[in-house]
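This is what each chain is made of:
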Amino acid sequence: MSLAHRRAIWILGVSQCVLWGILYYGYSIWQEPLMQSLGASRTAIAGAFSAGLGIMALMAPWIGRRIDAGRIIGVLRIGLLLAVAGLLLLSQAHMLWMVYAAYVLL
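Attention in this report is confined to the structure presented alongside it. (Residues numbered from 1 in each chain as written. Predicted model: local features only at pLDDT ≥ 70, side-chain atom pairs only at ≥ 80, totals over all residues. Heavy atoms only, no water.)

Here Arg7 is to be found in helix 1 (residues 3-24). Judged by relative accessible area, Arg7 falls into the exposed class, the value being 60%. When the C-alpha atoms of Arg7 and Gly64 are compared, they prove to be 18 Å apart, with 57 residues separating the residues in sequence. (Helix = DSSP H or I, 4+ residues; strand = E, 2+ residues; numbered from the N terminus. Buried < 20%, exposed > 50% of the residue type's maximum accessible area, 1.4 Å probe, protein only.)

Taken as a whole and judged by the stated rule, the model has three aromatic pairs. Between Tyr27 and Tyr103, the aromatic rings sit 6.2 Å apart at their centres with planes inclined by 75°, giving edge-to-face as the arrangement. With Tyr27 in helix 2 (residues 27-38) and Tyr103 in helix 5 (residues 96-105), this residue pair connects regions lying 76 residues apart in the sequence. The pair Tyr27 / Tyr103 is uniform in exposure class, with both members buried. Taken together, the ring pairs connect Tyr27, Phe49 and Tyr103 into an aromatic cluster. (Phe/Tyr/Trp six-rings, centres within 6.5 Å; stacked < 30°, edge-to-face > 60°.)

This part is about the packing of helix 2 against helix 3 (residues 42-68). Where helix 2 meets helix 3, the closest approach of the two axes is 9 Å, and the angle between their N-to-C directions is 130°. For the element pair helix 2 / helix 3, the angle class is oblique. The handedness of the crossing between helix 2 and helix 3 is right-handed. Contacts from Tyr27, Gln31, Glu32, Leu34, Met35 and Leu38 of helix 2 reach helix 3 at Arg42, Ile45, Ala46 and Phe49. (Axes fitted to C-alpha atoms, helices over the stretch in contact; angles between N-to-C directions. Parallel < 35°, antiparallel > 145°, perpendicular 65-115°, else oblique. Left-handed = near helix turned anticlockwise from the far one by under 90°. Contact = heavy atoms within 4.5 Å.)

In short, shape yes, function no, at least from these values alone.
Written out as structure tokens, the structure is:
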């Protein structure tokens, strides 16, 4: 395995750990504050999270093909930009539709 491949695997691994830790497991931390600030039900907030997971599942084959084609850096950059946009939108959400839009980006 070449040095470039090893480096790409390490970048992907570290990125996955950090991003999953923030984006996926952060939901349990953000759920209560979102419910309280928006006056939304637990079901409504969980629906936004589920919508995001559904989008992730639909995008997985497309993303996997790009990674297999050697476009890992581009995939990581786009993913990071979407994550930042989603977190910014989530932090400013004052309506339930904004939470759904944020989780679709995330």
